[in-house]
Amino acid sequence: MAAPLRIKVLDSHTGGEPTRLVLEGGPDLGAGPLSERVKVFKEQHDAFRTTVEGEPRGSEVMVGALLCAPHEPGCQFGVIFFNNVGYLGMCGHGTIGLVVSLAHLGRIKPGALKIDTPVGPIEAMLHPNGEVSFNNVPSYRREKDLSLYLPGVGDVMCDLAWGGNWFCLIQDHDQKLELANVAQLTDYTSRVRQAVSDSGFPEVDHVELFGPSTTAGVNSRNFVLCPGKAYDRSPCGTGTSAKLACLAADGQLAVGAEWVQESIVGSVFRGKYRKQGDKIIPTITGTAHVMAETTLLADPADPFATGIR
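Each value, and the rule that gives it
Residues numbered from 1 in each chain as written. Predicted model: local features only at pLDDT ≥ 70, side-chain atom pairs only at ≥ 80, totals over all residues. Heavy atoms only, no water. Salt bridge = Lys/Arg side-chain N within 4 Å of Asp/Glu carboxyl O. Helix = DSSP H or I, 4+ residues; strand = E, 2+ residues; numbered from the N terminus. Buried < 20%, exposed > 50% of the residue type's maximum accessible area, 1.4 Å probe, protein only. 1 Å grid on protein atoms, 1.4 Å probe; cavity = no way out; pocket = protein on both sides within 12 Å on 5 of 7 lines; lining within 4 Å. Points joined across faces, edges and corners; volume = space filled by probe spheres on them. Nonpolar A, V, L, I, M, F, W, Y, C, P; charged D, E, K, R; others polar. Disulfide = S-S within 2.5 Å.

Caption draft 1: Main features of the pattern of salt bridges. Counting across every chain of the model gives 13 salt bridges. The salt bridge involving Asp46 is made with Arg49; its shortest N-O contact spans 2.7 Å. Of the two residues, Asp46 and Arg49 both sit in helix H2 (residues 46-53), three residues apart, roughly one turn of that helix. On the basis of relative accessibility, which here comes to 21%, the residue Asp46 falls in the partly exposed class. With a closest N to O distance of 3.1 Å, Asp159 and Arg141 form a salt bridge. Of this pair, Asp159 sits in strand S10 (residues 154-162) while Arg141 sits in strand S9 (residues 140-150), and the two are 18 residues apart along the sequence. Side by side, Asp159 and Arg141 carry an identical accessibility label, which is buried. Taken together, the shared-partner salt bridges in this structure form one network comprising Arg141, Lys144, Asp145, Asp159 and Asp250.

Structure follows, in structure tokens:
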């Protein structure tokens, strides 16, 4: 009998959204740029992604993070994010979870660090109180007031923006952003995503709805549909970055001013930005908590060793 594959992982959650950090047992992707390594991951080792993220070991909610050697000069760590349906260019909640996990492992202390990702290097800061801030990749709005037609609803106006992933952002809608309404929100945003794709933007795979919050000091509440039809329990770091890009473009948020974004479950991120040419550099701050240290076993004799696909 062949020995099972052993995969050492550390699980955390950021504002309720889980991250599974792969420490040992991952595939050999070579030593090139992470943008090339993620292609190797996808083309040659996708079964590893489904082993870690797919049921019965994982779920549609969890985001995987493969810890790897960096390529970009000055970076201390490299990471490739993935989920139950594919690969993510960047992941804000995952970055916060990664930093807290590295601190838990004793690999870093409070201070600055630089992390290599498939969409470019990012700077992060572990604060003495355990909070994490990171400067995201350059973010920008691509389309303003794009009109989408939803059957049974009519025309819906949205913005399209990049914050490390592509987002369709909608402020004006008839949905109630309440946790009890998740099934309807998922259906609505799934139809929006299909309408965006039909409009010629198939790369836009996240949909973000905004509404008022009842929490003092919070600017907005959101609901974020991620690829694979899971909703983000956190306020979404890349989604908050996309929101900041739209606010900056409309002159509704000044450079350095703070925007507090609340998730559908009530967790919050704080965001601000600085200008870089016609784009912005968002800074997102949040907290994460380590939940489990474990070793996943993938037995070759198990019919679901590589997940339920």
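Caption draft 2: Region of interest: empty space enclosed by the protein. Applying the stated criterion across every chain yields a total of one cavity of 30 Å³ or more. The volume enclosed by the largest cavity comes to roughly 170 Å³. Lining the largest cavity are 23 residues, with Glu17, Val63, Leu88, Cys226 and Asp232 sitting closest to its centre. Within the residue set of the lining of the largest cavity, elements represented by two or more residues are helix H3 (92-104) and helix H5 (237-249). In terms of residue class, the lining of the largest cavity is made up of eleven nonpolar, nine polar and three charged.

Caption draft 3: Structural view of the layout of surface pockets. Approximately 310 Å³ is the volume attributed to the largest pocket. Together, 16 residues line the largest pocket, and Asp159, Ile170, Gln171, Lys243 and Asp250 are the ones closest to its centre. When the residues that make up the lining of the largest pocket are grouped by side-chain class, the tally is eight nonpolar, two polar and six charged. In this structure, the second largest pocket encloses a volume near 190 Å³. Around the second largest pocket, the lining residues are Ser35, Val38, Lys42, Asp46, Val85, Gly86, Tyr87, Leu88, Gly89, Pro118 and Val119. Of all the secondary structure elements, the ones that give two or more residues to the lining of the second largest pocket are helix H1 (34-44) and strand S5 (87-88). With three residues, the single largest contributor to the lining of the second largest pocket is H1.

Caption draft 4: Layout of the state of the cysteines. In this structure the tally under the stated criterion is zero disulfides. We note that Cys158 lacks a disulfide partner, and the nearest cysteine sulfur, in Cys168, lies 3.6 Å from it. There is no disulfide at Cys246, and the cysteine sulfur nearest it, in Cys158, is 9.7 Å away. For Cys246, a relative accessible area of 6% gives the class buried.

These values are about where atoms sit, not about what they do.
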